[in-house]
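# Results of the structural survey
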Amino acid sequence: MSDKKTSNQMWGGRFASGPAAIMEAINASISFDRKLYAQDIRGSIAHSEMLAQTGIISAADQEKIAHGLNTILKEIEAGSFEFSTKLEDIHMNVEARLADLIGPAAGRLHTARSRNDQVAVDLRLWVKDECFRVAEALKGLITALLERAEEHAATVMPGFTHMQAAQPVTFGHHCMAYVEMFARDLSRVRDAIERMDESPLGAAALAGTSFPIDRHQTAKALGFREPMRNSLDSVSDRDFALDFLAMAAICATHLSRLAEEIIIWSTPQFGFIRLSDSFSTGSSIMPQKKNPDAAELVRGKTGRVNGHLVGLLTVMKGMPLTYGKDMQEDKESVFDAAETLDLMLAAMTGMVSDMTVNAAAMKKAAGSGHATATDLADWLVRTLGLPFREAHHVTGRAVALAEEKKVSLEKLSLEDLRSINPGITSDIFSVLAVQNSVKSRTSFGGTAPSEVRKQIRYWKKRLAKA
């Protein structure tokens, strides 16, 4: 048996040249970190400008470097740039092409810089840019929810606890609950941007540099508030990526909760909403089916986003200062989570915007399950002065009687109710109708249409300033 054949069996047929091929495959990141090309070139131009202004390189060399980098940017965007796995990553691919274009001057670009701070600034810039994109997408979703909430501020529906009908609410109020949730996601995005708004560029490999660089200049040029204050932390920090993934996971979870409700509401058993054909599919065998696939995929993709957060947390948990090749695993998780979240937000915004609401079905369901029982108990407390626990007991007996008679609470006669408590008067019927129930919930943040409209006005103003 030849050595070559032994090597192939040992290392697997995919790796024709043995260990060297395996090392190249596991070490190279260009297949995914090419996504950082714009940030890498942007960072390099800012670094070269600083080197020239501090006298570390000549203005002539800087001009050549900037021209070459802009040429590479155009090549990549035109699709004519040839990426090589042998050059490992986006940084070396760009640098090698720069040398082809401008010759020895390209070698001056890496003065007072390491790939450690270079990749840290590239990824930080990319994540920061993505945070701004997510913020805009969240504002679009919140706007869609506000529009549906305004349209249905007085549309009654059942509110649930334990997935059992609890008390009547309005569909507008339900939509506003998600406005609150996604607004918190928006605040998390902005908090993350604030924390990551520091530049690691200039930390070099880990200890800084002896060259007289100006890190404040490069930080400003790249749109950062200031440079990071510790060179060790600068190259080893991936909190900004974890911040993004944590925000993405929480946001995805909120999207999944809404997706689950859309799936439930669109079933024939509920019939609360109907999704448009744009966000539904049919069955290959059952012609009557209309499946809420977009909502199901939003629900399913949440696990993927959550997994990326756990994955990067696990990568980082055992990392001593400063940089280790393990940290190459940060990019694919961030890139995929970002792409997935962008798609989820777009899909949910579309579903919320064009779904058809069946107000009649919601109203009918709102009166089921004796949903106004709490209103009866509250009336007994307010009008008859009963302690709430006694009122609760009286109401429970009324519910039992309604179930025995197979009617809703509001269909019980006054005599039926007086048989339970003689003090009950005909005024009780004013609170047993679901429409009256929701109108009475006027406490701050309550489901009364008047209160829902107040909250809509508040969020419209706040979003306009965002």
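One can find the structure itself at the top, above this paragraph.
About the thresholds
Residues numbered from 1 in each chain as written. Predicted model: local features only at pLDDT ≥ 70, side-chain atom pairs only at ≥ 80, totals over all residues. Heavy atoms only, no water. Patch = residues over 30% accessible without salt bridge, like charges linked within 9 Å, V, L, I, M, F, W, Y side chains within 5 Å. Areas by Shrake-Rupley, 256 points an atom, 1.4 Å probe, with all protein chains shown as cover. Salt bridge = Lys/Arg side-chain N within 4 Å of Asp/Glu carboxyl O. Lys, Arg positive; Asp, Glu negative; His and termini not counted. Charge placed at Lys NZ, Arg CZ, Asp CG, Glu CD. Buried < 20%, exposed > 50% of the residue type's maximum accessible area, 1.4 Å probe, protein only. Helix = DSSP H or I, 4+ residues; strand = E, 2+ residues; numbered from the N terminus. Expected span 1.5 Å × (residues − 1). Axes fitted to C-alpha atoms, helices over the stretch in contact; angles between N-to-C directions. Parallel < 35°, antiparallel > 145°, perpendicular 65-115°, else oblique. Contact = heavy atoms within 4.5 Å. Nonpolar A, V, L, I, M, F, W, Y, C, P; charged D, E, K, R; others polar. Arc of directions from axis to C-beta. 1 Å grid on protein atoms, 1.4 Å probe; cavity = no way out; pocket = protein on both sides within 12 Å on 5 of 7 lines; lining within 4 Å. Points joined across faces, edges and corners; volume = space filled by probe spheres on them. Core = buried A, V, L, I, M, F, W, Y, C linked by side-chain atoms within 4.5 Å.

### Details of a positive patch on the surface
On the surface, a cluster of positive charge is contributed by Arg453, Arg457, Lys461 and Lys465. Exposure remark for Arg453: the relative accessible area of 39% places this residue in the partly exposed category.

### Here's the deal with helix α11 (residues 239-265)
Across its 27 residues, α11 extends 39 Å between first and last C-alpha, which sits within 8% of the 39 Å expected from 1.5 Å per residue. Burial analysis of α11 places 19 of its 27 residues in the buried class, which makes it a mostly covered element.

### Re the packing of helix α4 (residues 37-53) against helix α5 (residues 59-78)
Following both chains from N to C, one finds α4 and α5 inclined at 170 degrees, their axes separated by 9 Å at the closest point. As the angle between them shows, α4 and α5 are arranged roughly antiparallel. Where α4 approaches α5, its residues Tyr37, Ala38, Ile41, Ser44, Ile45, Ser48, Glu49 and Ala52 are matched on the opposing element by Ala59, Gln62, Ile65, Leu69, Asn70, Ile72, Leu73, Ile76 and Glu77. Looking at side-chain class alone, the contact of α4 with α5 contains eleven nonpolar, four polar and two charged residues.

### A closer look at the environment of Met355
Locating Met355 in the fold gives a position in the loop between α13 (330-354) and β6 (356-357). Assessed through its relative accessible area of 5%, Met355 is described here as buried. Considered as a pair, Met355 and Ser266 are 89 residues apart in the sequence and their alpha carbons are 9.7 Å apart. Met355 has contacts with Arg148, Phe171, Ile273, Arg274 and Leu275, leaving out every residue within four places of it along the chain.

### Things to note about helix α16 (residues 388-405)
Compared with an ideal rise of 1.5 Å per residue, which puts 18 residues at 26 Å, α16 spans 25 Å between its outermost C-alpha atoms and is within 8% of the ideal. Looking only at α16, the buried set comprises Ala391, Val394, Thr395, Ala398, Val399, Leu401 and Ala402. Along the axis of α16, the buried positions cluster into a sector of 160 degrees, meaning they face one direction only. Across α16 from its buried face, at more than 90 degrees, point the exposed residues Arg389, His393, Glu403 and Glu404. Taken together, the buried residues of α16 touch α15 (373-384) and α17 (414-420).

### Here we look at empty space enclosed by the protein
Applying the stated criterion across every chain yields a total of three cavities of 30 Å³ or more. In this structure, the largest cavity spans a volume of roughly 60 Å³. The wall of the largest cavity is formed by Ala366, Gly367, His370, Ala371, Thr372, Ser408, Leu409, Glu410, Leu432 and Val434. Of the residues assigned to the lining of the largest cavity, the class counts are five nonpolar, four polar and one charged. One number sums up the size of the second largest cavity: a volume of about 50 Å³. As for the second largest cavity, its lining consists of Leu145, Phe171, His174, Cys175, Tyr178, Leu258, Ile262, Trp265, Val352 and Met355. Contributing elements (two or more residues each) for the lining of the second largest cavity: α8 (171-196) and α11. Ranked by the residues each element gives to the lining of the second largest cavity, the list is headed by α8, at four residues. For the lining of the second largest cavity, a count of residues per class yields nine nonpolar, one polar and no charged.

### A few points about the nonpolar core
Residues Phe182, Leu255 and Met348 are the most contacted members of the largest nonpolar core, which totals 100 residues. Considering every element that reaches this core, the biggest residue donor is α11, with 16 residues. Every residue in contact with Leu255, bar those within four places of it in the chain, is listed here: Leu141, Phe182, Val298, Leu341, Met344, Leu345 and Met348. Counting 21 residues, the second-largest nonpolar core is a separate cluster that includes Ala373, Leu376, Ala391 and Leu414.

### Examining the side chain of Arg148
Inspection of the secondary structure puts Arg148 in helix α7 (residues 115-151). Looking at Arg148, the relative accessible area reads 7%, which means it is buried. If near-sequence neighbours (up to four positions away) are discounted, Arg148 is found in contact with Cys175, Val352, Ser353, Asp354, Met355 and Val357.

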